[in-house]
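The lines below spell out each chain.
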Amino acid sequence: MAHALDIARWDLECEFNNTDHRTELNGVERLIVRRGQSFTINLHLRSGVYQPGGSALDLTVETGPQPSEQYGTQASFGLTDQINTSCWSAAITSPPGNMVSLSICSPPDAPIGRWRLTLGQGGSVDFVLLYNPWCTGDAVYMDSEEKLREYILAQDGIIYRGGWKYPIPTPWNYGQFEDGILNACLRILDMNPKCLRNPGKDASGRRNPIYVSRVLSAMVNCNDDKGVLLGRWTDDYDGGVSPLSWKGSVEILRNWDTNACQPVRFGQCWVFAAVACSVSRALGIPCRLVTNYNSAHDTNSNLVIERYVDENGQLVQKSRDMIWNYHCWVENWMTRPDLKPGFDGWQVMDPTPQEKSEGVYCCGPIPLKAIKEGELTDKYDAPFVFAEVNADVHTFMKRKDGSTKKIISSVHVGLKISTKSVGSDRREDITHLYKYPEGSDEEREAFTKANHQNKLLQQQDNAGLLIVIKVSTEMRKGCDFDVFAVITNNTPNEKKCRLVFGSRAVSYNGILGENCGFKDLLNVQLAPGEEKRVALRMNYSKYAENLTEDNLIRLAALLLDYGTQEAYLAVRNVVLVNPEIKVRILGEPKENRKLAAEITLQNPLPVPLQNCCFTVEGSNLTGGQVVTERLNSTVEPGQDAKVKIYFTPTHSGLRKLVVDFDSNKLCHVKGYRNVIIGK
């Protein structure tokens, strides 16, 4: 008969196991392992020696408050000759003696989270179990080491903002391995309403990345629960900070975790998405952040955005339907056994609270393939995401007498869908993963499946009059510049028209601000075939006080044909470019050696800058903290604001030092520098 091992003490070999499971950046003070992969514990025996076939050890693992074998949250098992990777199993890998190497493996579909392992009569140990995208049996398996370096291990990235004509790369510190962040991520799962209602069922559900992604989509916003972030889309940030002031997720997740799960104020779409990306990567789900330019917000699911303008071509708000200059969400990588074959891979998950899904503000996960193919009955929330990239835009003029008239306007949604490239800071265009080429047979087929009748019926308007807005190649904040309405008469007749050309500040989600410049020409005459350019001067003195933090101006040119009474509208958002932040690293970057960065920004405005402040952060660079350096002096036009900031890198490898500049007149200017840290 086999004798139970008499265990005196054990060694969890955290450094070896965590490194083997690619979790060592979380620290090596506790055991953090991935499912479907074995880990080793060394047992030191009080008496006797281990003999193959003559020694026994009863093991139990449990997770959640109501462990149950039926739900997969509890398992009891003994020693076997070798590890079985399809279920909880244990085998001894050392020769006979009084020190025993015990190898333990979880199944690749075990629930993630905190587990307790009981070693017979010897005591118990705690460990954290994560998804394992390196394991072929895991639902999140990804077969590219290079992609996993980006979508799991990279602690920083690039978010695309600005406009589709001028995407602006903004650095972000995801910081998923910084101190305390994994605990905060596990707490998000514990605070979700499904867990509070039925903790046993929720713990079991954590085996499934579809379930966990949907929970995260709801919990990153706080609209229905004790979620992480409160959204705010006005200029009033009392009681919190502007979403543009964040440089990374670490401060946000720590604030939420240390303040009794009170929502952090405030977020907007890229902040919600970036936090969701940090949490997904921390838990082991491959994740990337995506920007959709000219993103439609269709509130009534008719795949049509109706926009109304007044007789000056300026937008009047009549409907909750909107077109956002851009909108950010994330894609999580997983299999979809709940759908028919062919829908594995990237899934859209959107944590920004826009519309309710099953009674809760969440969205997804929905396969990109379902959006591309027009399969709108697939789970979850396909119609909303389909509309974001495919909705039709109808524009109407609302006259003073209350009547409305449809006007000719060319506005496309779902443009230049962008994400950071694998292994570089270049922009990757992934529009083709969401939609077929415009006008193709495949596009028609997808629209037919989605019952998108408006797009199917649409004929190409070959209008006799054409109006477009042209701009300079780069419009820098602080400069005066011209924008142009270009009108072409493609008819054989002379045309007499009225041109109303206006500009207004606008926020990235389409809310209009104040007037930045206006021109009304009552008598524009065009000979057959003639092209005319009408300039509108944009003066800093006029637009400076009206700009929102998004640095966007909406140009609208409305052309009225006196002869036919037809109206033509051209709309374009322009992005005013902030100055560049220059970062110079002084000295040789090495692990655990103090380093300095010289950071410079030239004042591009015709006015002095006061209350200037630089803040920097970077994963494994600034010790998980935000470093702040203020300037006491005023920075005159054309002068440099310059500081020196010190920090001590803790790990080798390629890291991003993310920089933010703030002042009274120039706010939330972002910059970064890639730093290679040597050993």
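Residues numbered from 1 in each chain as written. Predicted model: local features only at pLDDT ≥ 70, side-chain atom pairs only at ≥ 80, totals over all residues. Heavy atoms only, no water.

Draft legend 1. Inspection of the packing of aromatic side chains at higher detail. Scanning the model with the defined rule gives 20 aromatic pairs in all. Their ring planes at 40 degrees and their centres at 6.0 Å tell us that tyrosine 237 and phenylalanine 266 sit as a pair that is tilted. Note that tyrosine 237 is positioned in the loop between strand E14 (229-231) and helix H7 (250-258) and phenylalanine 266 in strand E15 (residues 264-267), a separation of 29 residues in sequence. As far as the burial class goes, tyrosine 237 and phenylalanine 266 line up, both buried. Between tyrosine 326 and tyrosine 508, the aromatic rings sit 4.7 Å apart at their centres with planes inclined by 25 degrees, giving stacked as the arrangement. Here tyrosine 326, found in strand E19 (residues 322-334), pairs with tyrosine 508, found in the loop between strand E31 (495-506) and strand E32 (512-526); they are 182 residues apart in sequence, far enough to count as distant. Note that arginine 161 overlies the ring of tryptophan 270, its terminal NZ or CZ placed 4.6 Å from the centroid. Here the basic side chain of lysine 369 rests over the ring of phenylalanine 343, its NZ or CZ set 5.6 Å away from the ring centre. (Phe/Tyr/Trp six-rings, centres within 6.5 Å; stacked < 30°, edge-to-face > 60°. Helix = DSSP H or I, 4+ residues; strand = E, 2+ residues; numbered from the N terminus. Buried < 20%, exposed > 50% of the residue type's maximum accessible area, 1.4 Å probe, protein only. Lys NZ or Arg CZ within 6 Å of the ring centre and 35° of its normal.)

Draft legend 2. Layout of the sheet that holds strand E17 (residues 304-309). With respect to topology, four strands assemble into an open sheet ordered E18-E17-E24-E25, the strand pairing being mixed. Across the chains shown, the open sheet's two edge strands, defined by having one partner strand only, are strand E18 (315-316) and strand E25 (404-406). Here six bridges tie E17 to strand E24 (residues 392-398), and the two strands are oriented parallel to one another. From the neighbouring strand, valine 309 faces E24, where its bridge partner is methionine 397. (Pairing = 2+ DSSP bridges.)

Draft legend 3. Expanded view of the side chain of serine 663. Within the secondary structure layout, serine 663 lies in the loop between strand E41 (653-662) and strand E42 (669-677). For serine 663, a relative accessible area of 8% corresponds to the buried category. A polar contact of 2.9 Å, which involves the side chain of serine 663, links it to the backbone oxygen of leucine 666. Setting aside its immediate chain neighbours within four residues, serine 663 contacts Leu609, Gln610, Asn611 and Cys612. (Polar contact = N/O pair within 3.5 Å; in protein donor to acceptor, adjacent residues only side chain to side chain. Contact = heavy atoms within 4.5 Å.)

Draft legend 4. Summary view of the UniProt feature "binding site: Ca(2+)" (unreviewed entry) in the chain. Here the UniProt-annotated "binding site: Ca(2+)" (unreviewed entry) positions come out as Asn390, Asp392, Glu438 and Glu443. The largest pairwise C-alpha distance within this set of annotated residues, which runs over 54 residues, is 13.9 Å, so the set is compact in three dimensions. When only the residues just named are considered, the second largest cavity is lined by Asn390 and Glu443. Following the sequence through the fold, aspartate 392 ends up in strand E24. Take glutamate 443: it is sitting in helix H12 (residues 441-449). Setting aside residues no more than four positions away along its own chain, glutamate 443 makes contact with Tyr436, Pro437 and Glu438. (UniProt positions renumbered as here; feature names shortened; annotations may be inferred. 1 Å grid on protein atoms, 1.4 Å probe; cavity = no way out; pocket = protein on both sides within 12 Å on 5 of 7 lines; lining within 4 Å.)

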